[in-house]
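# A closer look at the structure
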2 protein chains.
Amino acid sequence: MREIRTAALACRDAAAQLAMLDTDARNALLRAMADALDAQADAILAANARDIEAAEARGTTGALLDRLRLDAARLAGLSAAVREVAELPDPVGQVTRDDVRPNGIRVRKVRVPLGVIAMIYEARPNVTADAAALCIKAGNGVILRGGSEAIHSNTAIADALRAAIAAQGVGADVLTLVTDLRRETMLELLQLSDIVDLAIPRGGEGLIRFVAEHARVPVIKHYKGVCHLFVDTSADPGLALRLLLDGKTGRPSACNALETLLVHADIADVFVPRAIEALQQRGVEVRGDAGIASRADGVVPIGDDDDAAEFLDLVIAARVVDSLDAALAHIRRFGSDHTEVIATQDDANARRFIASLRAAVVMVNASSRFSDGGELGLGAEIGISTTRLHAYGPMGLEALTVERFVVDGAGQVRHAENAAAF
Amino acid sequence: MREIRTAALACRDAAAQLAMLDTDARNALLRAMADALDAQADAILAANARDIEAAEARGTTGALLDRLRLDAARLAGLSAAVREVAELPDPVGQVTRDDVRPNGIRVRKVRVPLGVIAMIYEARPNVTADAAALCIKAGNGVILRGGSEAIHSNTAIADALRAAIAAQGVGADVLTLVTDLRRETMLELLQLSDIVDLAIPRGGEGLIRFVAEHARVPVIKHYKGVCHLFVDTSADPGLALRLLLDGKTGRPSACNALETLLVHADIADVFVPRAIEALQQRGVEVRGDAGIASRADGVVPIGDDDDAAEFLDLVIAARVVDSLDAALAHIRRFGSDHTEVIATQDDANARRFIASLRAAVVMVNASSRFSDGGELGLGAEIGISTTRLHAYGPMGLEALTVERFVVDGAGQVRHAENAAAF
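The model shown is predicted, which means the values in this text are computed figures rather than measured ones.

### Regarding the overall build of chain A
Helices and strands together make up the secondary structure of chain A, namely 15 helices and 16 strands. Each principal axis of the C-alpha atoms in chain A carries an extent, and together these give about 80 × 70 × 35 Å. Taken across its 422 residues, chain A has 58% of its residues classed as buried. A sequence separation of at least 24 residues applies to 72% of the contacts in chain A between residues at least 6 apart.

### Here's the deal with the relation of the copies chain B and chain A
Between the two copies, chain B and chain A, the superposition gives an RMSD of 0.0 Å; the rotation angle is 180 degrees and the shift along the axis is 0.0 Å. Such values leave the two copies arranged in the relation of a two-fold axis. No C-alpha of chain B lies nearer the rotation axis than that of His 390 of chain B, which sits 1.9 Å from it. Taken together, the interface assignments show that 100% of the residues at the interface of chain B recur at the interface of chain A, consistent with an identical surface on both copies.

### Digging into the sheet that holds strand E8 (residues 258-264) of chain A
Read across the sheet, 10 strands follow the order E10(A)-E9(A)-E11(A)-E8(A)-E7(A)-E12(A)-E13(A)-E16(B)-E2(B)-E1(B) without closing on themselves; strand pairing throughout is mixed. The open sheet is flanked by strand E10 (300-301) of chain A together with strand E1 (95-100) of chain B, the only strands paired with a single partner. Two elements, strand E12 (residues 339-343) of chain A and strand E13 (residues 361-366) of chain A, share 4 bridges in a ladder whose sense is parallel. Residue pairing in the sheet places Glu 340 of chain A in a bridge with Val 362 of chain A of E13 of chain A. Along the sheet, helix H11 (residues 265-281) of chain A contacts strand E7 (227-231), E8, strand E9 (285-288) and strand E11 (315-321) of chain A; its crossing angle with E8 of chain A, the most-contacted strand, is approximately 145 degrees. Where helix H14 (residues 347-356) of chain A meets the sheet, its contacts fall on E7, E12 and E13 of chain A together with strand E16 (401-412) of chain B, and the angle it forms with E13 of chain A comes to roughly 160 degrees.

### Some thoughts on the interface of chain B and chain A
Each partner contributes residues to the interface: chain B has 82 residues there, and chain A has 82 residues. Carbon and sulfur atoms supply 53% of the area that chain B and chain A bury against each other, a total of about 6,700 Å² over both sides. Counting across the interface, chain B meets chain A through 49 residue pairs in polar contact (both at pLDDT 80 or more). Sheet topology note: the strand E16 (residues 401-412) of chain A/strand E13 (residues 361-366) of chain B ladder contains 5 bridges and is parallel.

### Focus on the packing of aromatic side chains
Across all of its chains, the model carries 0 aromatic pairs over all chains by this definition. Here the guanidinium or amino end of Arg 183 of chain A rests over the ring plane of Phe 210 of chain A, the centre of that ring lying 4.2 Å away.

### Concerning H11 of chain A
Residues and elements named next belong to chain A. End to end, H11 covers 23 Å across 17 residues, agreeing with the expected 24 Å (1.5 Å per residue, within 8%). Taken together, the buried positions of H11 are Ile 267, Ala 268, Phe 271, Val 272, Ala 275, Ile 276, Ala 278 and Leu 279. Those residues of H11 that are buried are in contact with E7, helix H10 (237-249), E8, E9, helix H12 (290-293) and E11. Trailing H11 by a residue or two, Gly 283 shows a phi angle of about 85 degrees, which is positive.

### Thoughts on the pairing of strand E3 (residues 116-121) of chain A
Residues and elements named next belong to chain A. Here E3 lies mainly inside the structure; 6 of its 6 residues are buried. Covered by surrounding structure in E3 are Val 116, Ala 118 and Ile 120 together with Ile 117, Met 119 and Tyr 121, the residues of both alternating faces. Where E3 and strand E4 (residues 141-145) come together, 5 bridges link them in parallel fashion. Bridge assignment links Ile 120 to a residue of E4, and that residue is Arg 145. Handedness of the β-α-β unit built from E3, helix H6 (residues 126-137) and E4 comes out right-handed. Sheet topology note: the E3/strand E6 (residues 198-202) ladder contains 5 bridges and is parallel.

### Re the sheet that holds E6 of chain A
Residue and element names in this part refer to chain A. Reading across from one edge, E5-E4-E3-E6 is the order of the 4 strands in this open sheet, with parallel pairing throughout. The open sheet is flanked by strand E5 (175-177) and E6, the only strands paired with a single partner. Sheet twist, expressed as the mean angle between neighbouring strand axes with direction ignored, is 20 degrees. Sheet strands touched by helix H7 (residues 151-167): E3 and E5. Its angle to E5, the strand with the most contacts, is close to 155 degrees.

### With respect to the UniProt feature "domain: Aldehyde dehydrogenase" (unreviewed entry) in chain A
If you check UniProt for "domain: Aldehyde dehydrogenase" (unreviewed entry), the listed places come out as residues 3-282 of chain A in our numbering. Secondary structure over residues 3-282 of chain A splits into 54% helix and 16% strand, and the C-alpha atoms at its two ends are 52 Å apart.

Reading the values: rules and limits
Residues numbered from 1 in each chain as written. Chains lettered and ligands numbered in written order. Predicted model: local features only at pLDDT ≥ 70, side-chain atom pairs only at ≥ 80, totals over all residues. Heavy atoms only, no water. Helix = DSSP H or I, 4+ residues; strand = E, 2+ residues; numbered from the N terminus. Buried < 20%, exposed > 50% of the residue type's maximum accessible area, 1.4 Å probe, protein only. Contact = heavy atoms within 4.5 Å. Least-squares fit on C-alpha atoms with pLDDT ≥ 70 in both. Pairing = 2+ DSSP bridges. Axes fitted to C-alpha atoms, helices over the stretch in contact; angles between N-to-C directions. Buried area = accessible area lost by both parts, 1.4 Å probe. Polar contact = N/O pair within 3.5 Å; in protein donor to acceptor, adjacent residues only side chain to side chain. Phe/Tyr/Trp six-rings, centres within 6.5 Å; stacked < 30°, edge-to-face > 60°. Lys NZ or Arg CZ within 6 Å of the ring centre and 35° of its normal. Expected span 1.5 Å × (residues − 1). Right-handed = clockwise from strand over helix to strand, strands pointing away. UniProt positions renumbered as here; feature names shortened; annotations may be inferred.

Here is the structure:
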């Protein structure tokens, strides 16, 4: 049980070394990591084949098996993604405030790495390379604790990356893969508040709640995305329909997919029949209230749990509401602070929608599917936060740093008697 | 035991109302709060007299009693401080990123209030007004849980402020004072992770550890300030001595006071005799190693715990070190990530000192006593964070907000088939 603490300390020491590298050296490190993924492709794919075989033996099928699977093309995509991270602007060293005080001291706020980041995740082995690249780009050590389903893939990927890191003269422990997958070891990792600066869980709600409940280290998380589209009276019906279809059917399993449609009563006669039919034509099951069911065929009556549901599937909850206020009240009650969308041509209503909701991302006349680090211009995404601290919404490289103060003086003192003393 | 949850929910509802107010309305609210402190001065001072009487009956004396005491001048200072907060720039609504993506969506990051902030603090009743003003200025609800020693003072101050808030048409519960001071009630407050967005403990190390260990809500804290001054070979001895005296004797009880002096061996013969004598002339007890003791009289041998000690008194630990690296290793081992100072005329050494240390504030040729929200230009200070997340170092109004995404589009969708569909 002491091993995880020792491993975390080694990661912290290597991270201190990494933090001293300049931008070019860190980017060179990332490119070497990408090259290593390409060079070790055979070993990684062979390891992945063992994970797939074991998963099939356990009866895993469908999407779960697909998430676990690597092939030459996916692996090439993975190394390409690491190279893209190398090309992103470096947040480390950015000066976010530069101010000379009346006494002449110069006060700067400068971005520095967080330190050591623990990623706790499930199934998908690509997270191993993605998260490592983002954390290391921002000068951090990373402790990766993936799921047992992907242990061979994760080990092969981490081995390739660690060898590349060591070959660049940085301690390989800056990337530490936890291979002891016992729950008590994860618990111990989450208690290391003197070493680990941040834990980011990625996976199902069960995993995330487990991490949030047991961590003594800071955690950034989101449980789920129950995203709403509100179609205002003034909405352009065609525009609203595009957002609806894109949000629900573009990638139903994503956390930024729409889960609930709210339609203002004054536009329901125009919008609902056409919208419900279009959804159904794409295979979406519509669970609607009386206002929806009275205006379209084939609507399943909305159930007690549907308003709060994250379906992650071709299913949508739909309601007609009497006013913008009613829509806001519904979203406040059932929303998950992830992403909320209004379709409207009325600026005042758009402003009211934005101001009234706490969500991390609020969209006016744009698809919820843009709620993503890459789409929002962050370059890459390490996760999404629905915690209102440090970062809120999609998190890019900047969220893996913190600002600190650097002060330059010429001998200034605060207490005048000390200025005069010599 | 349900009452604290109900109270916190009421605070959150009132905070949602507050967050809708514009800057002018929030500033007017703060000025009304300041006026109420002046108008209710007699009631507040009478309440404070009861706290003082009880403290004296318990045998409290000296600094502790002084921290608890209010008088007309201190109360006037308190209302003046609230008015100053009203005059500070408003962080809420600040746009920190404004970017049009290639597809035409406009992505802004906008500062919004955190939500509900719980302040857990001891003795000093001025925190009740200070913290309330800062939290409310930034659009947040605040739950104040002060110590039992100040319960009458805190209640009188909170009553005055709440009446002023209600008179401005905002729910008084936006400022909620916890008067049930049982430990289990504080525990329950710290578990309300669905309501409380941040807890800030201010007080002794025991209180802060208790909060950090039991909270399920995010906590920003600092345990202690073990601040070092390193006098480099190249230092201007007079400048270094000013920083030393200012840092140690300016206000020894402050967390940004110096606790340890490290002197490069190559300047020790010049610096140590004069510096130790000057400290002693001001009543400072110097606990030094052999390198110090061999160069000055009256040095107490340094003890095992002195390197890690936060003396908060006219006592300093002092050592001679062989190199900048030795100083950095010492600070890394014993520092508290609060504030570290180098006196040097060598730019390369200054850069190395800055880059090698993790501390929240790093100073070159300036007094550690400037490590303070007001002195660094933040306008006011809600606390100091040595947690490397969200905020690091002195925290002003900005640290009481978080940035979220606001996206404006014209019907853009992410999946091309939906753009073409209608």
